[in-house]
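# Summary of structural features
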Amino acid sequence: MLPKVLEKSKFAAFATALAGEYQVVGPQLKEQSKAGGETFVFGPVTDGAALRMDYNITLLSPKKYFLPMRETLLKYTTVGHPKAEAVMDTRQRVIVGAHPCDIYATWLLDKVFSTDHKDPNYLSRRERALIIGLDCAKPCDETSFCHDMGTNYVESGFDLMMTDIGEAYFVEIATEAGQALLAKAETREAHNEDFAKRQAFMERKQGGFHKRIPVDTKYLPEILEESYDSLVWEAIGRRCFSCGSCNLVCPTCYCFDITDKLNLDLTSGTRERTVDSCQLDNFASVAGGESFREQRSSRLRHRFFRKAKYIQEAFGRKGCVGCGRCDRNCVAKINSVETYTQIAGSR
Amino acid sequence: MSAKPKLAFFSFASCEGCQLQVINCEDELVALLGAVEIVNFREAIDERRDDYDIAFVEGSITRPEDEHEVKEIRERAKILVAFGACATIGGINAIKNFQPQEKVSQYVYGDQAATFPSYPARPVHDLVKVDLKLHGCPISKSEFLEACKCLLAGKQFTVPNYPVCVTCKLAENVCLYQKGMTCLGVVTRAGCDPMCPTFGNKCIGCRGLIDHPNVNAAFDVLEDLGLTLEEVTKDFTMFDGCHKEITEKK
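Residues numbered from 1 in each chain as written. Chains lettered and ligands numbered in written order. Predicted model: local features only at pLDDT ≥ 70, side-chain atom pairs only at ≥ 80, totals over all residues.

## A word on the interface of chain B and chain A
Of the residues lining the interface, 27 residues belong to chain B; the matching set on chain A comes to 29 residues. Those elements that provide at least two residues to the side of chain B that touches chain A are α2 (26-35), α6 (141-153), α7 (164-170) and α9 (215-224) of chain B. When grouped by side-chain class, the residues that make up the side of chain B that touches chain A number 18 nonpolar, 3 polar and 6 charged. (Contact = placed C-beta atoms within 7 Å. Helix = DSSP H or I, 4+ residues; strand = E, 2+ residues; numbered from the N terminus. Nonpolar A, V, L, I, M, F, W, Y, C, P; charged D, E, K, R; others polar.)

As structure tokens, this is what we get:
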């Protein structure tokens, strides 16, 4: 389908029009520091003007709309004949402004939640969600290492992809559903000069990203394999709080815990799912009190192995998209680029 | 246990604010009273009976006469719940543990100090077996209600063994460290639905340390941010003075 051009001045009206039919979620300002630094989150909007398409990165990725941090899976009652009723989120949702890295992460989560056991709650949300991507010309900040992970360009996984070409967005249409969405916007055909501007954007983008890990990340699975007993894990583990922040903000982490919550009548309740973290003390604890990863260093190593080796082996792509959220949120300042660099260098 | 389990609340060295939190469960009180009978609750009712099944014990143990009383409660109760920071970790009262006891007594009681003997504050589990700890200063209402439901249903109530950071991430809070502040949330047990960080205040550790906290890393991080060892220790001894990880640091 041929691309269209959407003037920036008409973007807010487009998002507002979508909000009449869908739950529209997109980047918004969460907090502004005294020094002027801004922190963004994805959140629902009814007025498209609230969207901050100039955002760099959000605290949590759009994953929270597919695998919420907390969700109710079912409601049950044990009075008489026990009954359980599944709780499904069937809202039609449009995610606006997802960056390529977060779109890659969604691709991975789709694989995870549709392989073997098909997760009905994830899939229900995912099938009802449309994604309007927003391309980026430069890394979010100095913490990003998306170029190393090869996620700063995406070819699929979105319905529309917008590129900033100055006064307007160049909108690629990837799906029919995306085309139907765009029908709600006042767009025009893309002319030669629009294509040229989009080309110029791509050239700027090529110059805007630099690799930060000295080794090609395609070798990371083997490098990690060799590093299993490296003292580097022990050294970094000493600094680690095992607080789980890295996992909880990660766009590709998908571990969760399920608990039943009783109502005060003690005969009915809900089954709740909450995202979990392999860094936490009790994560690998089992009945009898045994824990398979008792040491902070082994839990930390496990996370890096998941990100750059195990998930690659299971699903064909790395479990890390290089967004850097883990590093930004690490109080101990444990840094992925430094860790991979040290591991590669310590062989 | 009979059809309607009997609950009792007791307090030792504390402000009774945790008991007040029970009364604050306004929306759920009617349902709670439908499920239990409260037989001893100085904060709210006149009745005082000793035929309780579950005893909620608030406060730290800091006087010789407390010992006898808490042991008696333990003997009577089928289940004993340490209720609030003073009871679970010594809490604020343990600040005095780091000062000369005579000086502390004189500061509070003046020339009557000898009439009110007291010693360093101890959490309830130092004296008697505790079946469940509900942490916090004050306790969390929702955690109290969850624990009640579990106790009544004979289901295990799991006290979180993860730090406040987890719940801050669930709430999508901006990390206070990113705002140039400090926070004890990295080693402090969660369960507070992180009220303090959510409203821009640092976690002061009222729920005590998680199991196996990386206290060394916390001291390193806080000192890197310009706090002196004395300041960091002061932060940690506000509530966590009875934790061996902190006393060893002292």
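## Digging into the domain arrangement of chain A
Residue and element names in this part refer to chain A. For chain A, the assigned domains are domain 1 (4-208) and domain 2 (217-345). In this complex, domain 1 contributes 32 residues to the contact, which on the side of domain 2 involves 28 residues. Of all elements in the fold, only β4 (70-77), α2 (100-114) and α4 (146-149) reach the threshold of two or more residues within the side of domain 1 that touches domain 2. (Domains from an automatic or database assignment.)

## Some points on the environment of Asp54 of chain A
In this fold, Asp54 of chain A is placed in the loop between β3 (38-45) and β4. Residues Asp54 of chain A and Met149 of chain A lie 95 residues apart in sequence; the distance between their C-alpha atoms is 23 Å.

## Thoughts on the sheet that holds strand β8 (residues 160-164) of chain A
Residue and element names in this part refer to chain A. Across the sheet, 8 strands lie side by side as β3-β2-β6-β7-β8-β9-β1-β10; this open sheet has mixed pairing. At either end of the open sheet lies a strand with only one pairing partner, and these are β3 and β10 (188-189). Strand direction decides the pairing type here: strand β1 (residues 4-7) and strand β9 (residues 168-173), joined by 4 bridges, are antiparallel. Following the sheet pairing, Lys4 is matched in β9 by Val171. (Pairing = 2+ DSSP bridges.)

## A look at the nonpolar core
The biggest cluster of nonpolar side chains holds 111 residues, and the ones touching the most others in it are Ala15, Val24, Val94, Ile95, Ile132, Leu160 and Val171 of chain A. At 7 residues, the largest contribution of residues to this core is made by α2 of chain A. Beyond its immediate sequence surroundings of up to four residues, Leu160 of chain A is in contact with Ile132, Gly133, Val171, Glu172, Ile173, Ala174, Gly178, Leu181 and Leu182 of chain A. Ranked by size, the runner-up nonpolar core spans 40 residues in total, among them Cys18, Phe83, Ala94 and Cys148 of chain B. (Core = buried A, V, L, I, M, F, W, Y, C linked by C-beta atoms within 7 Å. Buried ≥ 20, exposed ≤ 12 C-beta atoms within 10 Å, placed from the backbone.)

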